[in-house]
Amino acid sequence: SLSMKNILVVTEHLKGEFQEITFEMLGKGRELAADLGGQCIALVFGNMKSKADLLGAADRVVSIGGNDDYNPETCTAAVKAVVRAKTPAVVLVGNTSMGMDIAAPLGTALAIPVVAYCNDLKAQGDSLIITSQQYGGKINVETVTPPPVVISILPGSFNPEKGQIPGSPEVEDFPVEIGAGKVRFKKLIEPEAAEVDITQSEILVAIGRGIGNRDNIEIARELARALGADIACSRPLVDAGWLPKAHQVGKSGMKVKPRVYLALGISGAPEHVEGMKNAATIIAVNTDKNAPIFDVAHYGMVDDLFAVCEELINELK
């Protein structure tokens, strides 16, 4: 395994922009490559090689051409071809809707282990120690494995600034001929513009499953009015149709950075925390003292959210 020292980072982009997860993986990939005595290689699709100067954290950029539009089938085939040719020690992909499409088929086709939901990672001797989150962040599991390995990284795990190094890495064209498969990219459907932009809110009253039912949202609205705040929520409320998608915070919703984030009845799954962990002050109210939200909250109360809301509203009035 000693010839395998390089780290291959599968970059992720949308509408011609590299996503933050790309820079998180590059920063970590660069660190790992230094520990293993190898290089950090960034893999780009479509026309993204024209933005290689943003990928200065990589020693080299490999461009496989093809189309800018994401197609899981052709992307996976292309990554397979590069991994076969380059035999990296570690392949880093995002634990995202795009990366998850690539990781498992890649591991299966090349008989390489896949470790998912990774939130920490280090090299020790010839092995890698990989920490994965399970059960919505309630348990961390350590995997020790020699290379080669495919690792999918939970967004928000590493500092993107460490990977945002401008530079002029050498670009290698590695054209991959892929026939037409079963999957076609038709179009990118974006959510409609909303009446409220929670990414700009100074104060957010955020509600989760603990609110119980749709009628109870009114008490949160009343508190928000008293605070001059906007309403945000976790994914279950959007899935239930109780609030529009524009109010959703998290991986599949919005990233918010208010001055105050009041989390009422939100358990704090990693997908939600990813969207709000950079708020200046996080205050959590939950009846479950073991809720993971308390790990990121600056202030926490193990209490009934309705009692807390009513008292706050009375105080504010």
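The rules we used
- Residues numbered from 1 in each chain as written.
- Predicted model: local features only at pLDDT ≥ 70, side-chain atom pairs only at ≥ 80, totals over all residues.
- Heavy atoms only, no water.
- Patch = residues over 30% accessible without salt bridge, like charges linked within 9 Å, V, L, I, M, F, W, Y side chains within 5 Å.
- Areas by Shrake-Rupley, 256 points an atom, 1.4 Å probe, with all protein chains shown as cover.
- Salt bridge = Lys/Arg side-chain N within 4 Å of Asp/Glu carboxyl O.
- Helix = DSSP H or I, 4+ residues; strand = E, 2+ residues; numbered from the N terminus.
- Buried < 20%, exposed > 50% of the residue type's maximum accessible area, 1.4 Å probe, protein only.
- Phe/Tyr/Trp six-rings, centres within 6.5 Å; stacked < 30°, edge-to-face > 60°.

Asks: How would you summarise a nonpolar patch on the surface if you had to cite specific residues and measurements?
Replies: On the surface, Leu14, Phe185 and Leu188 cluster together into a nonpolar patch covering about 230 Å² of accessible area. Positionally, Phe185 belongs in the loop between strand 11 (170–173) and strand 12 (203–207). The exposure class assigned to Phe185 is partly exposed, which follows from its relative accessible area of 34%.

Asks: Give me the lowdown on the packing of aromatic side chains, citing residues and values where you can.
Replies: Throughout the structure, instances matching the rule amount to one aromatic pair. Judged by centre distance (6.2 Å) and plane angle (80°), the ring pair of Phe18 and Phe23 falls under edge-to-face. One exposure class covers both Phe18 and Phe23, and it is buried.

Asks: Talk me through the pattern of salt bridges; I want residue IDs and the actual numbers.
Replies: Opposite charge on two side chains makes pairing possible when the charged atoms of those side chains draw close. Summed over the entire model, instances satisfying the criterion amount to ten salt bridges. One salt bridge in this structure joins Lys51 and Glu17, with 3.6 Å as the shortest N-O distance. Here Lys51, found in the loop between strand 4 (40–44) and strand 5 (60–63), pairs with Glu17, found in strand 3 (residues 17–18); they are 34 residues apart in sequence, far enough to count as distant. A relative accessible area of 26% places Lys51 in the partly exposed class. Residue Arg60 is joined to Glu172 by a salt bridge in which the shortest nitrogen-to-oxygen separation is 3.4 Å. Of this pair, Arg60 sits in strand 5 while Glu172 sits in strand 11; the two residues are 112 residues apart in sequence, bridging distant segments of the chain. When its relative accessible area of 16% is taken as the criterion, Arg60 is described as buried. Each of Arg60, Lys86 and Glu172 takes part in salt bridges that share partners, so that together they form one network.

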